[in-house]
Amino acid sequence: MKFVDIVGATQFFTNETPNQVRNVLGFQRTDGAGQVKKFTFVHDWFKAGCLSWAYVSDMDIQDRVEVKVDDHVVATIEGVNAKNGLAYPPSIPVPGGHHKIEFSMSNPSKASRGNFGITFLKAREFDVESVSAKTVWTFEDPMSTINDWTPDQQVVVTDLGDQQKISTAREEAGIERTGKINKFPFTMQFRIKADQGTQGKIIMSNGSKAFVVKVTDQGISTNVSSYSHNHMSEYTDYVVTCHNETDMDVYIKSILPGGVEQWENTRVRGVSEEDTANRLRFSVSSGGLYIAEVKYSFHDYSIEQFATHIADTYKEKWYDVGGFQYEDTASLERDVMNWEVHSHMDMSSTSATVTLNNAKGIYSLSLERYAAFPDGRKQPPNEFTYWEEGERRHLISEGTPIRIYAGYGDELVRVFTGMIKGEIEEDAERRTLTFHCVDRYDMLEEFIFYKDMIYPPEEAYAGDGGAFAWMKSSIVKDIVVAAGLNSWRVHGEECQYPDLDIDETVYVDVKKGKHSYMRFDSKSGELQTIPQDQECVKTAEGWENPFVATVSFKTGTRASDAIQSLIQDLPYDVRCDRYGTFTLKRMNFLDTPDWDQIARSKWEFTDDHLLEMTSSTDYSRVRNHLMISGSEGLTEHFLDKSLIVATKGNMRTTGLQLPWIEEQDGASMRDLKQQIANKVFFDMKRQARTKNIVIRGNPLIELLDGCYVYDNHTCNAGYYLIKGNRLVGNECGMINYLELTWSALPATS
């Protein structure tokens, strides 16, 4: 999608639910009656398809939102009846070709105070292939009996031989199949007729979302639209396709002269409703409904907008930028020859490399099953390839989501969550294919600010009380959300893990902070002002105060660079963990002289575990004396005893000038600067001191874990911190290549 015109539209945060904030593109208020805010984009649909969308709104009564395709209004949302909050409207049918889409908001009578934001836009296409010869249905019932259905006590069922009539003498009643709709997509074809005055319903529910089609003697309808058709004279064939939990289409079959069957889209779309009963139900509240045939399948047997047959494939061809969604999960376990996952304190992203046995050629990007390749012709259809726009695509390609598990026997744990990125190497002689991956943090490496990011925003100075410095952790959260790391989880296994795990950036000082600042509330997710007179948290060491900043980032700045500039001097570690969760965690152990190595020891590596061990030190670039000054140039000096000893008492000095440290009223902010000095000395030590060990594979090891190492051959015993971990595996097993560091001479028990 290419945006070609933006007038008054902005990105902003809004509450999707009381506990979740969403970054949306849309409209915040208007300045006067009749003012129109809008944004326009263009996109090429190579085949007929649709545009799926969702929005969050809080509109004034007279607000009006219009959606246009090629200057034709196709959807309208009026403030008087708009849903307040998150809504999933029906997708918009779009014919093949180049199209211009416009979203706009206006209020004809006054300046609007309303908000309207788009949460996602997805352009889809339909692939159509005739299945006139064969359609595979999961369930088929000619309705000669109701043995496969459960009737209500009040329903009256009349057996007419090859059809069943349902009616009721009192309240709504019907027949249903419970617990059968396991998932969407779901497609059902049925044939019905109705008596005069009939009021009926067809409910399709998976236990959480339900689509409802109302049936009368004069047509069908949903909660969105209706279609007129006489049901009294003869039976009518319908197909209802629930593409997912938000989109539904209804099609009708007509017979043309010469007996030619034609399927037509009724344009009746459906919006799902909340429902807790898993069921397929036909019911009536008056009249009589005749049912001659019912068959369904858990496939998208969609009907093309302008075709005359049912399609057997419906594929999403275009995804929203940054989308990270699981469709089908393919396992590569049987062909993995070797793999490795590498994480290090000097690397922002964890990387992974996998080599596959490609003797059968199924992982080749250009696999063909021609007669010229008899071995290939014997292979079954390749589950790892698919067709898109006339070209063969392979799942092992740029951007494919990857999860890696490791362990022993059935005891497996996740060690990596990311996506394929970089070179894919195929070796014909060795019959192998190797691909490389990066973890979720790469989203921040690739995300570029398309506008200036200013904290506090310029509009905050207009007098609404928000023109205060932001807590640094809240700035990081704002950037991470803008990059899309908070909304990628859709797969069931992923949803059990949080998107973000961000510690608030605070330090302890003997003085209580006296400044107002902005932060995101940890429970509600809302941005709030913390007044200067609010009670601070008191600890045994002093008062807990925030790290804050007033900062701006220019258009074109990389999100990862912005975060590093905020955090690099603070005692915090930022990365994405093995489950794809973005984490910003405080390194509390830096508050102790020896990094609390003994108490924090988590692993013990002795002669039974150690396979190799080497050590190296290089103090040529370290500094043992730091001078740190803030906004007023007040300098505090910090020395590291261990580094002074390591350099034989030679003083090596460097200075840091950090304008974001507010030295007001002569306060030098020494406690805050001490936190910064601890982090700087930590970085120097871990880069100067390295012990390399190789151990038997342990997939649970994390960076910054403490460990105890004992080697009888070198008389080496001490406590260390893990700064690098390369987990390598093959058919013979797995091993860890660990890089360790230490605070001073290795502490012993």
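Residues numbered from 1 in each chain as written. Predicted model: local features only at pLDDT ≥ 70, side-chain atom pairs only at ≥ 80, totals over all residues. Heavy atoms only, no water.

Participant: In this structure, what is going on with the sheet that holds strand E51 (residues 653–657)? I would like to understand it.
Facilitator: Sheet strands associate in pairs through backbone hydrogen bonding, adopting either a parallel or an antiparallel arrangement. Taken in spatial order, the three strands make up an open sheet running E50-E49-E51, and their pairing is mixed. This sheet does not close on itself; its edge strands, each paired only once, are strand E50 (635–639) and E51. Going from strand to strand, the sheet's axes swing by 20° on average, the running direction of each strand aside. (Pairing = 2+ DSSP bridges. Helix = DSSP H or I, 4+ residues; strand = E, 2+ residues; numbered from the N terminus. Axes fitted to C-alpha atoms, helices over the stretch in contact; angles between N-to-C directions.)

Participant: Would you explain the packing of aromatic side chains in this entry?
Facilitator: Each aromatic ring pair is specified by the distance between its two centres and by the angle formed by the two planes. Going through the model one piece at a time under the given rule, you end up with 29 aromatic pairs. Ring geometry for Phe27 against Phe116: centres 6.5 Å apart, planes inclined by 15°, an arrangement best described as stacked. Taken together, the residues span a long stretch of sequence, with Phe27 in strand E3 (residues 20–28) and Phe116 in strand E11 (residues 115–125) at a distance of 89 residues. When its relative accessible area of 1% is taken as the criterion, Phe27 is described as buried. (Phe/Tyr/Trp six-rings, centres within 6.5 Å; stacked < 30°, edge-to-face > 60°. Buried < 20%, exposed > 50% of the residue type's maximum accessible area, 1.4 Å probe, protein only.)

Participant: Looking at this structure, how should I read unusual backbone geometry?
Facilitator: Peptide bonds are mostly trans, and most non-glycine residues show a negative phi. Across the junction of Phe184 and Pro185, the peptide omega takes the value 15°, indicating a cis bond. With respect to the element layout, Pro185 can be found in the loop between strand E16 (173–178) and strand E17 (186–194). In this model, Tyr455 is joined to Pro456 through a cis peptide bond whose omega is -5°. Structurally, the position occupied by Pro456 is in the loop between strand E35 (453–455) and strand E36 (470–471). The backbone phi angle of Arg29 is positive, close to 65°, even though this residue is not glycine. Inspection of the secondary structure assignment puts Arg29 in the loop between E3 and strand E4 (36–45). Judged by its relative accessible area of 52%, Arg29 is exposed.

Participant: Can you help me understand the confidence of the model for the chain in this one?
Facilitator: Parts of the model with low pLDDT should not have their predicted coordinates read in detail. Of the residues in the chain, 87% reach a pLDDT of 70 or more, and the chain-wide mean stands at 84. Confidence over residues 127–134 falls short of pLDDT 50; this stretch has 19 contacts with residues more than four positions distant or in other chains. Considering only residues more than four positions removed or in separate chains, one finds that residues 303–327, a stretch of pLDDT under 50, has 87 contacts. (pLDDT = per-residue confidence, 0-100. Contact = heavy atoms within 4.5 Å.)

Participant: Just checking my understanding: could you explain the pattern of salt bridges for this structure?
Facilitator: Pairing between side chains of opposite charge can happen when the charged atoms of each approach one another. Per the counting criterion, the structure on display carries 30 salt bridges. In this structure, the salt-bridge partner of Asp503 is Lys585, at a minimum N-O distance of 3.1 Å. Residue Asp503 is found in the loop between strand E37 (500–502) and strand E38 (506–509), and its partner Lys585 is found in strand E46 (residues 582–586); the two are separated by 82 residues along the sequence. Take Asp503: its relative accessible area is 23%, and that puts it in the partly exposed class. Across the pair Lys685 and Asp640 runs a salt bridge whose closest N-O atoms are separated by 3.0 Å. Remark: Asp640 occurs in the loop between E50 and helix H5 (641–646) and Lys685 occurs in helix H6 (residues 670–688); sequence separation between them is 45 residues. For the pair shown, Lys685 and Asp640 are each scored as buried. In the salt-bridge network here, residues are joined through shared partners; they are Arg191, Asp237, Glu293 and Lys295. (Salt bridge = Lys/Arg side-chain N within 4 Å of Asp/Glu carboxyl O.)

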